[in-house]
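Understanding the architecture of this molecule
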Amino acid sequence: MQTTEAGFEKLGAEYLQDPHAVHERLREVGPVSELVLPRGLKVWVVTRHEEARIALSDPRFSKNFAAAGDLFGKHLQPGVARREFDQSFASHMLNMDPPDHTRMRKLVNKAFTARRMEALRPRIQEITDRLLDEMEGRSEVDLLDALAFPLPITVICELLDVPLDQRDDFRIWSGTLLTDSTQEEINEAAASMYAFLAGLIQSKRENPGDDIFSALVHASEDDDRLNEAELISMAFLLLVAGHETTVNLIGNGVLGLLRNPDQLALLLADRSLLGNAVEEFLRIDGPINMATFRYTAEEAELGGVTIPAEEFVLVSLLSANRDPEKFPEPAKMDITRATGGHVAFGHGIHFCLGAPLARLEGAVAIGSLLDRFDLDLAGEPSQALKWKDSTLLHGLERFPISLSPRGPR
Ligand code: HEM
């Protein structure tokens with residue numbers, strides 16, 4: 001365990017490769033810990049389930065960063081180079097409290113209901129089948145490249161009517177912005193991303209379709225009209241949130257099954273368990289470790305811990321979902337367990353807009369993959385697997401698998 005000069009525990013690179021062991025220790029110490037993140041920012045991390053639900057939904061933990069002072073300047077540890085993030089993408093609902101949040105969310109809520117998403121099932125199945133066809137005849141693939149990444153990005157691009165030709169560039173830019181990158185890489189990726197999104201919005205202005213972006217660009221009532229920064233930020237949020245996360249649901253879920261052959265056998269024997277299995281994948285190794293930033297506008301007490309004003313508060317969803325007070329034997333994968341109350345999609349007013357879509361994509365992708373192939377990890381786990389360097393995303397950077405056609409069962 002590393003500590004800073006001021007005596008705070010510093011999470012190191014090994015935390016990013018195996019966060020669960022650290023969470024277990026932190027949960028035992030208390031519900032909230034004052035820590036320094038690998039890139040040198042001091043934050044309060046919430047690790048127990050009950051306090052996580054409070055921090056995610058209680059207005060004392062604000063997301064209105066437009067009203068906050070220079071919190072990064074205040075909490076970066078001495079000697080740590082500051083990385084500037086382009087603010088052009090920041091005017092979105094994950095950085096807002098009501099009433100601004102309410103107005104933004106209302107504009108997109110209707111487009112993502114469970115019913116609307118269910119209507120996409122045949123198309124999601126079709127895209128999945130095409131990707132699986134491309135895997136036929138190969139004995140080894142990277143599951144992320146072959147299925148887990150292209151499925152959600154294709155679906156979200158079709159849903160928002162965004163051209164797919166820059167899909168691979170987009171993957172690189174968003175990966176750079178969300179993981180541990182240098183200032184130069186961030187600047188470059190942000191500039192390319194901005195040009196891409198601005199061009200997209202311009203094209204919707206000139207040639208509106210019946211997609212959500214066109215509707216947002218042309219929202220006519222005064223109340224609903226979004227300014228340019230809000231439009232760019234909304235496009236950024238929907239596209240990035242729409243694929244950076246679901247890729248990890250598919251990747252982590254399949255890895256979980258390979259690591260737990262008894263659970264894989266159970267699922268193969270009884271397909272009606274698939275929906276609950278997806279919830280268990282979300283609980284036990286969800287796509288997001290720490291939820292997005294919140295801060296205390298005023299001093300706040302949480303789980304008996306007093307957090308001063310103007311401090312960053314991060315909720316570890318991974319840790320909350322393995323709190324033994326909430327989920328007995330939390331590290332044990334059990335696709336039949338009661339998973340209700342997991343916080344993989346957050347909680348409260350910022351609860352994930354895309355949850356119905358993500359659940360559907362996860363179930364179709366994993367179910368269809370298992371129908372077609374017998375799978376195994378290709379290589380030694382310690383060599384083959386690498387997790388992303390990120391405290392936000394919990395997902396693999398590469399996931400080589402060997403595969404053979406599944407014989408008749
Ligand atoms: C918010 C998780 C897929 C769009 C969130 C939050 C979480 C989350 C934890 C809340 C963050 C916080 O409170 O700090 C996930 C997971 C996904 C997933 C685990 C996949 C398995 C998607 C998809 C979309 C999406 C497919 C596409 C539309 C959003 C949006 C918000 C959000 C727009 C902000 C909601 C608000 O502020 O009101 N997601 N997400 N997500 N998610 Fe997802």
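Anything mentioned here points back to the structure above.
So, here is what we can say about the structure in this document. (Residues numbered from 1 in each chain as written. Predicted model: local features only at pLDDT ≥ 70, side-chain atom pairs only at ≥ 80, totals over all residues. Heavy atoms only, no water.)

**Overview of the overall build of the protein chain**
In plain terms, the rule: Secondary structure elements are defined from DSSP: runs of H or I of at least 4 residues count as helices, runs of E of at least 2 residues count as strands, and each element is numbered from the N terminus. Between the two quantities, the radius of gyration covers C-alpha atoms and the globule rule is 2.2 Å times the number of residues to the power 0.38. Three exposure classes are used, based on accessible area relative to the maximum for each residue type with a 1.4 Å probe and protein chains only: buried under 20%, partly exposed in between, and exposed over 50%. Contacts between residues were defined by any pair of non-hydrogen atoms, one from each residue, lying within 4.5 Å.
Across its full length, the protein chain carries 19 helices and 14 strands. Scaling as 2.2 N^0.38, a compact globule of 409 residues should have a C-alpha radius of gyration of about 22 Å, and the protein chain matches this with 21 Å. In terms of overall dimensions, the protein chain has C-alpha extents of about 60 × 55 × 40 Å along its principal axes. For the protein chain, the proportion of its 409 residues judged to be buried stands at 53%. Here the contacts in the protein chain between residues at least 6 apart in sequence split such that 73% fall between residues at least 24 apart.

**Considerations on the packing of aromatic side chains**
To keep it simple, the criterion reads: For this analysis, a ring pair means two rings from Phe, Tyr or Trp (six-membered ring only for Trp) whose centres lie within 6.5 Å, classed as stacked if their planes differ by under 30 degrees, edge-to-face if by over 60, and tilted for the remaining angles.
One pass over the structure, following the stated rule, counts eleven aromatic pairs. Between Phe 65 and Tyr 295 the ring centres are 5.1 Å apart and the planes differ by 50 degrees, which places this aromatic pair in the tilted class. Residue Phe 65 is located in the loop between β5 (61–62) and α4 (71–75), and its partner Tyr 295 is located in strand β7 (residues 294–296); the two are separated by 230 residues in the primary sequence. Given a relative accessible area of 6%, Tyr 295 falls into the buried group. Ring pairs connect the aromatic residues Phe 65, Phe 72, Phe 293, Tyr 295 and Phe 312, which therefore count as one cluster.

**Some details on the sheet that holds strand β3 (residues 32–36)**
The test is simple: Strands are treated as partners if at least two bridges between them are detected by DSSP.
Strand order in the open sheet formed by seven strands is β1-β2-β3-β4-β10-β7-β5, with mixed pairing between adjacent strands. For this open sheet the edge positions go to β1 (2–3) and β5, each flanked by a neighbour on one side alone. Here five bridges tie β3 to strand β4 (residues 42–46), and the two strands are oriented antiparallel to one another. Bridge pairing in β4 places Ser 33 opposite Val 45.

**Here we look at the coordination of the iron atom of the ligand**
This is how the line gets drawn: The rule for donors is simple: N, O or S, within 2.8 Å of the metal, or within 3.2 Å if the metal is Na, K or Ca. Water isn't counted, so a site may look like it is missing partners.
For the iron atom of the ligand, the protein contributes exactly one donor atom, Cys 352 (SG), at 2.3 Å. Examined against the element boundaries, Cys 352 turns out to sit in the loop between α17 (317–320) and α18 (355–372).

**Observations concerning the nonpolar core**
Side chains that are nonpolar tend, in soluble globular proteins, to be buried together. Just so we agree on the cut-off: Among the buried residues, those of types Ala, Val, Leu, Ile, Met, Phe, Trp, Tyr and Cys that are joined through side-chain atoms within 4.5 Å form a nonpolar core.
Of all hydrophobic cores here, the largest spans 94 residues; its most connected members are Phe 112, Met 135, Met 193, Leu 197, Leu 239, Leu 369 and Phe 399. Looking at this core element by element, the count peaks at ten residues for α18. Apart from residues no more than four positions distant in its own chain, Leu 369 is found in contact with Leu 132, Met 135, Leu 143, Leu 147, Val 254 and Leu 375.

**Re unusual backbone geometry**
Cis geometry is adopted by the peptide bond preceding Pro 99, which originates at Pro 98 and carries an omega value of 0 degrees. With respect to the secondary-structure elements, Pro 99 resides in the loop between α4 and α5 (100–109). A positive phi angle, close to 45 degrees, is found at Glu 329, a residue other than glycine. Position of Glu 329 relative to the elements: it lies in the loop between α17 and α18. Of the residues examined, Glu 329 reaches a relative accessible area of 56% and is grouped as exposed.

**Description of the site of the ligand**
Selection criterion: Here a residue is near a molecule or strand as soon as one of its heavy atoms is found within 4 Å of it. Throughout this description, a polar contact denotes any pair of N or O atoms lying within 3.5 Å of each other; where both atoms belong to protein, one of them has to be capable of donating a hydrogen while the other can accept it, and for residues adjacent in sequence the pair is counted only when both atoms sit in side chains. In this classification, the charged set is Asp, Glu, Lys and Arg, the nonpolar set is Ala, Val, Leu, Ile, Met, Phe, Trp, Tyr, Cys and Pro, and all remaining amino acids, among them Gly, are polar.
Surveying the vicinity of the ligand reveals 28 residues, the closest of which are His 101, Thr 292, Arg 294, His 350 and Cys 352. Arg 105 has a polar side-chain atom sitting 2.8 Å from an oxygen atom of the ligand. In the model, an oxygen atom of the ligand is placed 2.5 Å from a nitrogen or oxygen of the Thr 292 side chain. With four residues, the single largest contributor to the shell around the ligand is helix α13 (residues 228–244). Classifying every residue of the shell around the ligand by side-chain character gives 17 nonpolar, eight polar and three charged.

**Thoughts on the pairing of β3**
Among the five residues in β3, four count as buried, and that is most of the element. Sheet analysis places strand β2 (residues 9–10) next to β3, joined by two bridges and oriented parallel. Across the sheet, Glu 9 pairs through a bridge with Leu 35, a residue of β3.

**What about the sheet that holds strand β14 (residues 400–405)?**
Strands belonging to one sheet form pairs held by backbone hydrogen bonds; the direction of such a pair is parallel or antiparallel. What counts here: Helix axes use the C-alpha atoms of the stretch in contact, all axes being lines fitted to C-alpha atoms, and the angles between their N-to-C directions lie in the range 0 to 180 degrees.
In spatial order, the strands read β6-β14-β11; together these three strands make up an open sheet with antiparallel pairing. The open sheet terminates on both sides in strands that have one partner only, identified here as β6 (140–142) and β11 (373–377). Strand-to-strand twist of the sheet, defined as the mean angle between neighbouring strand axes without regard to direction, takes the value 35 degrees. In this sheet, β14 lies alongside β11 in antiparallel orientation, the contact comprising five bridges. Looking at β14, one finds that Phe 373 is bridged to Pro 405. Across the face of the sheet, α18 comes into contact with β11 and β14 while running at roughly 105 degrees to β11.

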